[in-house]
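Below are the chains, spelled out letter by letter.
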Amino acid sequence: MSSDGAHGDQATSGLDRRTELREFLRSRRARLKPEDVDLPSYGRRRVPGLRREELAQLAGVSYAYYARLEQGYGDTMSAEVLDAVARALRLSQEESDHLVRLAQPERQSTVQAAPSPQRLRPTVQHLLDTLGVPAYVVGRRLDILGWNRLATAVFGDWARLPPEERNVARLFFLSPEARDRFADPDRRALRIAGVLRMNAGKSPGDSHLSSLIQELSQKSEEFRQLWARHEVSCPSTGESVRMRHPLVGEFDLVHEPLTLPGGAPMRLMTYHAEPGSRSEEALRMLASWEMEPLR
């Protein structure tokens, strides 16, 4: 049960790194108020958040120097300056890493100019088939590269979809049926958009990833609004995910993502239920139905 992760022949140029850097910094400034950082606030502001000069003051750099960074020219900035800006903006570790990737991509030795499609090793598919929990593997574009039968029982039958549609983000934002499997779709939507943003920062030259983002922006108003927020996130470890299934109703699974070693980044996404819970019973029922032989 696997996909080659291809998106067809329609590809665009990669994301504009300078535009991404500029908009990311502006969005982080906008979420801070002067009182949040012990600065006086004078009168009404035309736009929300800190002004450039206030952020520069907090970071201990000149206004002109920070303005140049926000214009997308981070190549000449030192690591110390970027770290000072990250602290002033109160960035999380994920956001700080994202800032460095956008400002100074040459420091990221793993970034490829034109990453090739990802494919699953047969040994990893065998591992999926032997796991006793719902599990699947995603690539950097959130393509679903492989899965097991329990994942099919919980999330839907991906084998019936064309390979180009087997993508976590595309399914969630463009398929009401796939979205309805989640009882907390708003949180799920924010998480997916944040992971996609993080991956785009790691591979800004990936034209297929850029094409996916453009498609989602054109077809989904929800995605377009979330993408404009410039949130960055990693798949969370130990996060509870509320599922909704037409046969067993709502139940909770614990999400544990694991990074697979070797080559281009892939993540093994596993889900399990708390022992002795109603959710475990619901998962057991789904598993028994899925494993029944066809008549």
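Before reading further, recall that the structure is shown in the block above.
Residues numbered from 1 in each chain as written. Predicted model: local features only at pLDDT ≥ 70, side-chain atom pairs only at ≥ 80, totals over all residues. Heavy atoms only, no water.

> Tell me what's going on with the packing of aromatic side chains, and back it up with residues and numbers.
Scanning the entire structure with this criterion turns up 11 aromatic pairs. Ring geometry for Tyr-136 versus Trp-158: centroids 5.2 Å apart, planes at 80°, classification edge-to-face. With Tyr-136 in strand β1 (residues 135-138) and Trp-158 in the loop between α7 (149-155) and α8 (168-174), the pair connects residues that are 22 residues apart, well separated along the chain. Summarising the burial analysis for this pair, Tyr-136 and Trp-158 share the class buried. Each ring, one from Phe-223 and one from Trp-227, has its centre 5.5 Å from the other, and the planes form 20°; the classification is stacked. (Phe/Tyr/Trp six-rings, centres within 6.5 Å; stacked < 30°, edge-to-face > 60°. Helix = DSSP H or I, 4+ residues; strand = E, 2+ residues; numbered from the N terminus. Buried < 20%, exposed > 50% of the residue type's maximum accessible area, 1.4 Å probe, protein only.)

> Which residues make up helix α10 (residues 185-202), and what values go with them?
Taking 1.5 Å as the rise per residue, α10 with 18 residues should run 26 Å; its terminal C-alpha atoms sit 26 Å apart, in good agreement. Along α10, the residues that are buried comprise Arg-188, Ala-189, Ile-192, Ala-193, Gly-194, Val-195, Leu-196, Arg-197, Met-198, Asn-199, Ala-200 and Gly-201. (Expected span 1.5 Å × (residues − 1).)

> Could you give an account of the packing of helix α5 (residues 93-103) against α10, naming the residues involved and the relevant values?
Between α5 and α10, the shortest axis-to-axis distance is 9 Å and the interhelical angle comes to 35°. Crossing hand, α5 versus α10: left-handed. Contacts between α5 and α10 pair His-98, Arg-101 and Leu-102 from the former with Arg-197, Met-198, Gly-201 and Lys-202 from the latter. Of the residues belonging to the contact of α5 with α10, the class tally is 2 nonpolar, 2 polar and 3 charged. (Axes fitted to C-alpha atoms, helices over the stretch in contact; angles between N-to-C directions. Left-handed = near helix turned anticlockwise from the far one by under 90°. Contact = heavy atoms within 4.5 Å. Nonpolar A, V, L, I, M, F, W, Y, C, P; charged D, E, K, R; others polar.)

> So what about empty space enclosed by the protein? Which residues, and what values?
Evaluation of the coordinates by the stated rule reveals 3 cavities of 30 Å³ or more. In this structure, the largest cavity spans a volume of roughly 140 Å³. For the largest cavity, the lining is made up of 13 residues, of which Arg-188, Arg-191, Ile-192, Val-195 and Met-269 are closest to its centre. Mapped onto the lining of the largest cavity, the elements with two or more residues apiece are β1, α10 and β3 (239-245). Among the elements that take part in the lining of the largest cavity, α10 stands out by supplying 4 residues, more than any other. Approximately 60 Å³ is the volume attributed to the second largest cavity. Lining the second largest cavity, in full, are Asp-184, Arg-187, Arg-188, Arg-191, Glu-239, Ser-240 and Val-241. Mapped by element, the contributors of at least two residues to the lining of the second largest cavity are α10 and β3. (1 Å grid on protein atoms, 1.4 Å probe; cavity = no way out; pocket = protein on both sides within 12 Å on 5 of 7 lines; lining within 4 Å. Points joined across faces, edges and corners; volume = space filled by probe spheres on them.)

So, to be careful, I would describe these as geometric facts and stop short of saying anything about function.
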